[in-house]
Amino acid sequence: MTAPTRSRPPSTSTAETGRFGRLGRLVATPVRRHLLGALLAVVVIVLVLESVSTFRQSQLTSVAYLAVAAGGLTVLTGLNGQLSLGHGAFMAIGAYTAALMLRANASGWSVPLVLLAATVTAGVVGVVVGLAAARLHGPYLAGATLALAVAVPGLALYFSEYLGGEQGLIVPSPDVPRALDDIAYFVTGNELTSTKFLAYVSWFLLVVVFVVLANLSVGRVGRQWRAVRDDDVAAEIAGIDLARSRILAFVVSAACAGAAGAVMAMASRIAAPSGFTLVLSLTLLSAVVIGGLGTLSGALLGAALLTYIPPVVTNLGLDGGLTSLQAAELAPLVTGIFTVLVILFAPLGLVGTVRTRYLRYRLSRATRTGPDPHAPNDPEKEGTR
């Protein structure tokens, strides 16, 4: 007589896979979910860029490169707890790297190489800054990065023979590769103009960067960053190298800013010190605060709001009878008031506040009806979205 066997209850992943079938297997891991989200994002990007005007394409390019830089900053500040006020300096490094390379060769096929060179150059500088940042905390780190934001644009004046001085360097617009133009016309029925080409470059870069950052955030590296942010003493006792973790976060964030700066230089067609003042660094920080620290979707939302609010307010001011100067001065005022209101009424940012309220709703619902077997056990495991 055989002993009765006790059946095991199906695991959450097994139950979820059986419930959703092939779709459940397709999104069974965070990496697969991120890749699927990237694929859907590419489809949306193509549909949007092919249906808007040239002016809107240039605006969307600005949203993309600001979101790339803000995404790196939200990882540094939101996940690792390091406050930086100088990320505009890393964008300047990427912009001047792109300018020098494109002035030597403006072929459209060189754009990936230009982005890679700008990313690596800014990342190398991030290593140097990260070594100092690993020993600084709080206002001391903020002050050091603030000095970096002020000092780096001044290098263009000191090396004016190579970097163009106050006037900066004119960045030639990269030519659209003929093969890509043919492919775009075959798929969309429209020609690939220079502005549209840069818009595609910026948004595809955004998708790649966000997928990489999202995968880092849900992996071992992301868990170490959050541990250092929450309690560095406990993290060190657990065996985490604090300096190495902080330096890595700074390098990743600086590399993102460098890539964003390269796209900014190609879009504006100039790399000058006036484009990388302290205002740019504060704009990136404002985008992170408005959207929500530690969320990539918040970085994208913040970048979009800070791109579209100024022209909308300026146009409303002109329609209201204000002069051009008054309307232009009204835009930063409204942006500042909006930022203060978000800090007061949504201290976690727009995305963070919505997510927190949604999680509270699910928790209260689970308390009334019982736990959902398909719900994640830990919101942190869902990664940075």
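Treat the numbers as computed from the prediction; the structure is a model and nothing was measured.

A. Local environment of the side chain of Thr 145. Relative to the helices and strands, Thr 145 is located in helix H7 (residues 139–158). Thr 145 sits in the buried class, given a relative accessible area of 2%. Dropping the residues within four chain positions of it, Thr 145 is found in contact with Leu 83, Ser 84, Leu 85, Gly 86 and Phe 250.

B. Molecular detail of helix H14 (residues 278–291). With 14 residues, H14 extends 20 Å between its outermost C-alpha atoms, agreeing within 8% with the 20 Å of an ideal straight helix rising 1.5 Å per residue. Listed as buried for H14 are Leu 280, Ser 281, Leu 284, Leu 285, Ala 287, Val 288, Ile 290 and Gly 291. Just downstream of H14 lies Gly 292, where phi reads positive at about 130°.

C. The nonpolar core, seen in detail. In this structure, Phe 90, Met 91 and Leu 115 are the most contacted members of the largest nonpolar core, which totals 84 residues. Per-element tally for this core: the top contributor is helix H10 (residues 194–218), with 14 residues. When near neighbours in sequence (up to four residues on either side) are disregarded, Leu 115 contacts Val 201, Leu 205, Ala 259, Ala 262, Val 263 and Met 266.

D. Here's a closer look at unusual backbone geometry. In the Ramachandran plot, Arg 269 falls in the positive-phi region, its phi being about 65° despite a non-glycine side chain. Tracing the backbone shows Arg 269 in the loop between helix H13 (242–268) and strand E2 (270–271). Look at Arg 269 and you get partly exposed, because its relative accessible area is 41%.

E. Looking closely at the UniProt feature "transmembrane region" (unreviewed entry) in the protein chain. Those places that UniProt annotates as "transmembrane region" (unreviewed entry) correspond, in this numbering, to residues 35–55, 62–79, 114–134, 140–159, 197–218, 247–267, 279–310 and 330–354. As annotated, residues 62–79 comprises 100% helix and 0% strand, and the C-alpha atoms at either end are separated by 25 Å. In residues 114–134, the share of helix is 95% and the share of strand is 0%. The end C-alpha atoms are 29 Å apart.

F. Focus on the packing of helix H6 (residues 111–133) against H13. Running from N to C, H6 and H13 cross one another at 140°; their axes reach a closest spacing of 7 Å. Like other packed secondary-structure pairs, H6 and H13 cross with a definite hand, here right-handed. Of H13, the residues touching H6 (which contributes Val 111, Leu 115, Ala 118, Thr 119, Ala 122, Gly 123, Gly 126, Val 127, Val 129, Gly 130, Leu 131 and Ala 133) are Ile 247, Phe 250, Val 251, Ala 254, Ala 255, Gly 258, Ala 259, Ala 262, Val 263 and Met 266. Among the residues forming the contact of H6 with H13, the class breakdown is 17 nonpolar, five polar and no charged.

G. Geometry of the pattern of salt bridges. Summed over the entire model, instances satisfying the criterion amount to four salt bridges. A salt bridge links Asp 230 to Arg 229, with the nearest nitrogen and oxygen atoms 2.9 Å apart. What makes Asp 230 exposed here is its relative accessible area of 55%. Its relative accessible area of 30% is what places Arg 229 among the partly exposed residues. Close ionic contact of Asp 232 with Arg 246 constitutes a salt bridge, the shortest N to O distance being 3.5 Å. Separated by 14 residues along the polypeptide, Asp 232 in helix H12 (residues 232–237) and Arg 246 in helix H13 bring together distant segments of the chain. A relative accessible area of 29% places Asp 232 in the partly exposed class.

Parameters at a glance
Here the residue index of a chain counts from 1 through its sequence in written order. Reporting of local features is limited, given that this is a predicted model, to residues whose pLDDT is at least 70; pairs of side-chain atoms are given and counted only at 80 or more, and all residues count toward the totals for whole chains, interfaces and linings. Side-chain numbers here rest on the full set of heavy atoms in the structure, without hydrogens or water. Every helix listed is a DSSP run of H or I at least four residues long, and every strand listed is a run of E at least two residues long, numbered separately from the N terminus. For each residue, the accessible area found with a 1.4 Å probe, counting protein chains only, is set against the maximum for its type, and the residue is called buried under 20%, exposed over 50%, and partly exposed in between. Whether two residues are in contact is decided by their heavy atoms: any pair within 4.5 Å suffices. Each helix should span, by expectation, one fewer than its residue count multiplied by 1.5 Å. Nonpolar cores are built from buried Ala, Val, Leu, Ile, Met, Phe, Trp, Tyr and Cys residues. Side-chain atoms within 4.5 Å join them into one set. UniProt positions are given in the numbering used here, feature names are shortened, and annotations may be inferred rather than shown by experiment. Between N-to-C directions, angles cover 0 to 180 degrees, with each direction set by a line fitted to C-alpha atoms, over the stretch in contact for helices. In this scheme, a crossing is called left-handed if the near helix is turned counterclockwise away from the far one by less than a right angle; it is called right-handed if the turn is clockwise. For this classification, the nonpolar set comprises Ala, Val, Leu, Ile, Met, Phe, Trp, Tyr, Cys and Pro, the charged set comprises Asp, Glu, Lys and Arg, and every other residue, Gly included, is treated as polar. Salt bridge criterion: a side-chain nitrogen from Lys or Arg within 4 Å of a carboxyl oxygen from Asp or Glu.

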